[in-house]
Amino acid sequence: MSAPLIAARGLGIRLDGREILTDVDFEIRPGEIVTVVGPNGSGKSTLLKALIGAVKPSAGRVERAEGLRLGYVPQKLAIDASLPMTVGRFLSLPRRVSAEAIAAALDKAGVPDLANRQMKDLSGGQFQRVLLARALMDRPQTLLLDEPTQGLDQPGSAAFYRRIEEVRSEMGCAVLMVSHDLHVVMAASDRVLCINGHVCCEGTPEIVAGAPEYRALFGSGTKGALALYRHEHSHDHDHSHPHHHHHEADA
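In this report, the structure presented in the accompanying data block is examined. (Residues numbered from 1 in each chain as written. Predicted model: local features only at pLDDT ≥ 70, side-chain atom pairs only at ≥ 80, totals over all residues. Heavy atoms only, no water.)

Examining the pattern of salt bridges
Scanning the entire structure with this criterion turns up 11 salt bridges. One salt bridge in this structure joins Arg-29 and Glu-27, with 2.4 Å as the shortest N-O distance. Overlapping salt bridges bring together Arg-9, Glu-27, Arg-29, Arg-61 and Glu-63 as one network. (Salt bridge = Lys/Arg side-chain N within 4 Å of Asp/Glu carboxyl O.)

Rendered as structure tokens:
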């Protein structure tokens, strides 16, 4: 096994006197796609911020491989709509980068023609791709994304996740995503970490979808969604539960 790129060891986080995360043990290794799921307020975003060093642990520690290059796509980025700024200019903040580097990053993010467009004119999906391009500028070894498809419709979300899988295979980077799109996530991840202030369960999508802790948080519908995704993509369907295939796609 290769050494982890980032690891949380007994990580605890308190913010404003409130215990947000307790005793989190977790690691991500080269090339993995790991998704963090959990209810609202479960500490998912806080975990990501702790892993990139933006939030200080109150217990335990975060270990990062020496010289690790991180790319981070924040959950929301407010840009003043009245401020004229092209995509290319946005990508060259805070330091100047070449037009070639900008073009290459946009290409990797799947939006090659946007460099001269105004940020304020982008659709939600394009905006997320530009944030992704920005995170890819430094050729990260680990890409962290905080609910990157919030506000996108189902096809937009699915296309974004497919692009992330392509980025992973092209660049060989590990990917850690916080997400609420359970059925897409379950299909696109090597490993799922389910948290609710602590780690409830973790493992392959199949293991997590069947775990009682997971079902207690999300109900059993996502198991059907996993079957549905598989059915659509590989026809590897589970004959004992044919009724799962159609009605739980939105679980």
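Once the structure has been displayed, the description carries forward.
Here we look at helix α1 (residues 44–52)
Most of α1 sits out of view: seven of its nine residues are buried. Along α1, the residues that are buried comprise Lys-44, Ser-45, Thr-46, Leu-47, Leu-48, Ala-50 and Leu-51. Where α1 terminates, the next one or two residues include Gly-53, which has phi positive at roughly 90 degrees. (Buried < 20%, exposed > 50% of the residue type's maximum accessible area, 1.4 Å probe, protein only. Helix = DSSP H or I, 4+ residues; strand = E, 2+ residues; numbered from the N terminus.)

Points about the packing of helix α4 (residues 124–136) against helix α5 (residues 154–171)
As a packed pair, α4 and α5 sit with axes 12 Å apart at the nearest point and diverge in direction by 15 degrees. Looking at the two axes, α4 sits roughly parallel to α5. The handedness of the crossing between α4 and α5 comes out as right-handed. Of the residues in α5, those in contact with Gln-128, Arg-129, Leu-132 and Leu-136 of α4 are Ala-159, Phe-160, Arg-163, Ile-164, Val-167 and Met-171. For the contact of α4 with α5, the class distribution of residues is seven nonpolar, one polar and two charged. (Axes fitted to C-alpha atoms, helices over the stretch in contact; angles between N-to-C directions. Parallel < 35°, antiparallel > 145°, perpendicular 65-115°, else oblique. Left-handed = near helix turned anticlockwise from the far one by under 90°. Contact = heavy atoms within 4.5 Å. Nonpolar A, V, L, I, M, F, W, Y, C, P; charged D, E, K, R; others polar.)

Quick word on α5
Here α5 is 18 residues long and its end C-alpha atoms lie 26 Å apart, about the 26 Å a rise of 1.5 Å per residue gives. Inspection of α5 places Ser-157, Phe-160, Tyr-161, Arg-163, Ile-164, Val-167 and Arg-168 among the buried residues, and these make up the whole buried set. Down the axis of α5, the smallest arc covering the buried residues is 155 degrees, so these residues share one side. Exposed residues on α5 whose side chains face more than 90 degrees from its buried face are Pro-155, Ser-169 and Glu-170. The N-capping residue of α5, defined by a side-chain oxygen 2.8 Å from the backbone nitrogen of Gly-156, is Asp-153. A positive phi of about 70 degrees marks Gly-172, the residue just after α5. (Expected span 1.5 Å × (residues − 1). Arc of directions from axis to C-beta. Polar contact = N/O pair within 3.5 Å; in protein donor to acceptor, adjacent residues only side chain to side chain.)

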